[in-house]
Amino acid sequence: MLIESLAQKTKLALMTVLATIGGCTLICGFTVWCCISLVTKEREQIYILDGDIPFLAQRARLEANFTMEAKAHIQLFHQYFFNLPPDNDYIKWTVGKAMYMADGTALKQKQALDENGFYSDIISSSAVCTIMCDSIQFDEHERKFTYYGTQLIKRRTRDLKRSMVTTGYIESVPRTRNNPHGLMITNWRTLENKDLDY
């Protein structure tokens, strides 16, 4: 009787110890999981200080807004390349800015325009060239774009309105001061550049 009673008490004590160890392991595992998820969540948040006041800013991934960044890059490139006043220094500066945003295909088009006297014609006739973006079609998988715009060339004698369609591809490159989107236009070419009737 005494031996059976001792065996039952030992078995009960052992079961209690095992249950306690199992419960502690579950609680510790749950606590570690909660801590890891909390740290991961906190790492996704950035705090910006304005004097002594911290503001929470969300870190955005490039993939989340890649299409928007690509369209902004394409539109900015076309503005630099085609918005031209009759000022030689400004033309050099703005076209130079555009060259940071595209590969050698843009340089070839610039050289072709220069050889045809496009830039000297703008300066000599005091023309003002502006381009307005109508739409940009962008295929995120192929990273191919088609830019649809309207170019307006204002001269003293008459205004000229042209339809502009260009195409190319987008590649990711490191961000710099001259290339804030960290993107590069490649294989850029003009599909259409024709006069429009009023």
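This text gives an overview of the structure that appears in the document. Keep in mind that what you see is a predicted model, and the values were worked out from it rather than measured.

### Remarks on the nonpolar core
Phase 1 of the analysis: Residues Ile 74, Phe 77, Phe 145, Ile 170, Ile 185 and Trp 188 are the most contacted members of the largest nonpolar core, which totals 30 residues.
Phase 2 of the analysis: Every element with two or more residues in this core is listed here: α2 (66–82), α3 (88–99), α5 (118–124), β3 (128–139), β4 (144–154), β5 (159–172) and β6 (183–195).
Phase 3 of the analysis: Among the elements that make up this core, the one with the highest residue count is α2 (seven residues).

### As for the environment of Leu 18
Phase 1 of the analysis: Relative to the elements of secondary structure, Leu 18 occurs in helix α1 (residues 2–43).
Phase 2 of the analysis: A C-alpha to C-alpha distance of 85 Å links Leu 18 and Asp 114, two positions 96 residues apart in sequence.

### A closer look at unusual backbone geometry
Phase 1 of the analysis: Despite not being glycine, Arg 143 shows a phi value in the positive range, around 60°.
Phase 2 of the analysis: Considering the arrangement of structural elements, one finds Arg 143 in the loop between β3 and β4.
Phase 3 of the analysis: Residue class for Arg 143 comes out partly exposed when judged on its relative accessible area of 29%.
Phase 4 of the analysis: Positive phi values are uncommon outside glycine, yet Asn 187 reaches one of about 50°.
Phase 5 of the analysis: By secondary structure assignment, the location of Asn 187 is in strand β6.
Phase 6 of the analysis: The class of Asn 187 is partly exposed, set by a relative accessible area of 45%.

### As for the pattern of salt bridges
Where side chains of opposite charge bring their charged atoms close, a pairing between them can arise.
Phase 1 of the analysis: Taken as a whole and judged by the stated rule, the model has three salt bridges.
Phase 2 of the analysis: Among the ionic pairs, Arg 155 bridges to Asp 121, the shortest N-O distance being 2.9 Å. With a gap of 34 residues between them, Arg 155 in the loop between β4 and β5 and Asp 121 in helix α5 connect regions that are remote in the sequence.
Phase 3 of the analysis: Look at Arg 155 and you get partly exposed, because its relative accessible area is 28%.

What counts and how
Residues numbered from 1 in each chain as written. Predicted model: local features only at pLDDT ≥ 70, side-chain atom pairs only at ≥ 80, totals over all residues. Heavy atoms only, no water. Core = buried A, V, L, I, M, F, W, Y, C linked by side-chain atoms within 4.5 Å. Buried < 20%, exposed > 50% of the residue type's maximum accessible area, 1.4 Å probe, protein only. Helix = DSSP H or I, 4+ residues; strand = E, 2+ residues; numbered from the N terminus. Salt bridge = Lys/Arg side-chain N within 4 Å of Asp/Glu carboxyl O.

As far as function goes, none of this settles anything; it's purely spatial.
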